[in-house]
Amino acid sequence: MHPQPAQDRRTSVTIRPVRPADATLLDRWRLEPSVREHQPLSDASAAQLLADLHRQRDDDLYASEGQKFQWLVLEDLQPAGWITLVIINWGHGLAEIGYALSTEFQRRGLMTDALRALLADLFERTTIRRLEARCAVTNRASQRVLDAVGFKREGLLRGYFVLRGQEVDNYLYAILREDWSRHDS
Ligand SMILES: CC(C)(COP(=O)(O)OP(=O)(O)OC[C@H]1O[C@@H](n2cnc3c(N)ncnc32)[C@H](O)[C@@H]1OP(=O)(O)O)[C@@H](O)C(=O)NCCC(=O)NCCS
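What counts and how
Residues numbered from 1 in each chain as written. Predicted model: local features only at pLDDT ≥ 70, side-chain atom pairs only at ≥ 80, totals over all residues. Heavy atoms only, no water. Near = heavy atom within 4 Å. Polar contact = N/O pair within 3.5 Å; in protein donor to acceptor, adjacent residues only side chain to side chain. Areas by Shrake-Rupley, 256 points an atom, 1.4 Å probe, with all protein chains shown as cover. Helix = DSSP H or I, 4+ residues; strand = E, 2+ residues; numbered from the N terminus. Nonpolar A, V, L, I, M, F, W, Y, C, P; charged D, E, K, R; others polar. Contact = heavy atoms within 4.5 Å.

1. Some thoughts on the site of the ligand
Taken together, 19 residues sit near the ligand, with Y99, L101, R107, G109 and R144 positioned nearest. Backbone polar atom of L101 to an oxygen atom of the ligand: 2.7 Å apart, as the coordinates give it. In the environment of the ligand, an oxygen atom lies 2.6 Å from a nitrogen or oxygen atom belonging to the side chain of R144. Burial of the ligand by the protein chains amounts to 71% of its free accessible area of 930 Å². Secondary structure elements with two or more residues in the shell around the ligand: α2 (33–36), β4 (94–101), α4 (110–125), β5 (130–136) and α5 (140–149). Sorting elements by how many residues they give to the shell around the ligand places α5 first, with 4 residues. When its residues are assigned to classes, the shell around the ligand shows 9 nonpolar, 6 polar and 4 charged.

2. A word on the environment of R134
For R134, the position within the fold is in strand β5. Between the C-alpha atoms of R134 and G155, which are 21 residues apart in sequence, the distance is 9.8 Å. Setting aside anything within four residues of it in sequence, one finds R134 in contact with E96, L157, Y160, N170, Y171 and L172. Within the structure, R134 has its side chain in polar contact with the side chain of E96 (distance 3.0 Å).

Printed below as a string of structure tokens:
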């Protein structure tokens, strides 16, 4: 399937919490070379992924509880990728996101729409006030998406992770609730 440029799309992008029944899909996507190109994904088994998803309580997010939440990104109700939110510290309203699209759904502008939907929910309905993201300095697409959504690049994290035996520098990005209000208005 040839990706369509974003401007030609006539589709809708939505997100919904990941369910245990989605574990097989996530497991398959995590093995795709393009998904692993710029990030070291742990070799979690399908069983571990499933256990993680069983632990997820969607309501916890709105009660400032819980540590890890995941959403499926859907294009016209078709599963296209996922977003993970890890809480660093509820007391400080500090969290980090990670995200990926399955290969055939990349380069179509989907993740920008998906993150906008998630950020609106997080900043309007939860106590999260600072959201961080890290990405390899070579991952131009991810940087473009973060810029478009309103994240600010705050610094360079030298040798942040090891990927295929090589140390990889990362950029640290973050968006504060007040950045979101300004960007969104
Ligand atoms: C990174 C990722 C989430 C970007 O989402 P996306 O919906 O595919 O991004 P877009 O189609 O909006 O592309 C964003 C920009 O990057 C450009 N771009 C896309 N893929 C690119 C690539 N491989 N190399 C260089 N630029 C690229 C696009 O042309 C677009 O440019 P523009 O802002 O000038 O229009 C997606 O490609 C992905 O899931 N990649 C694999 C997993 C991953 O890297 N996750 C992020 C880890 S930090």
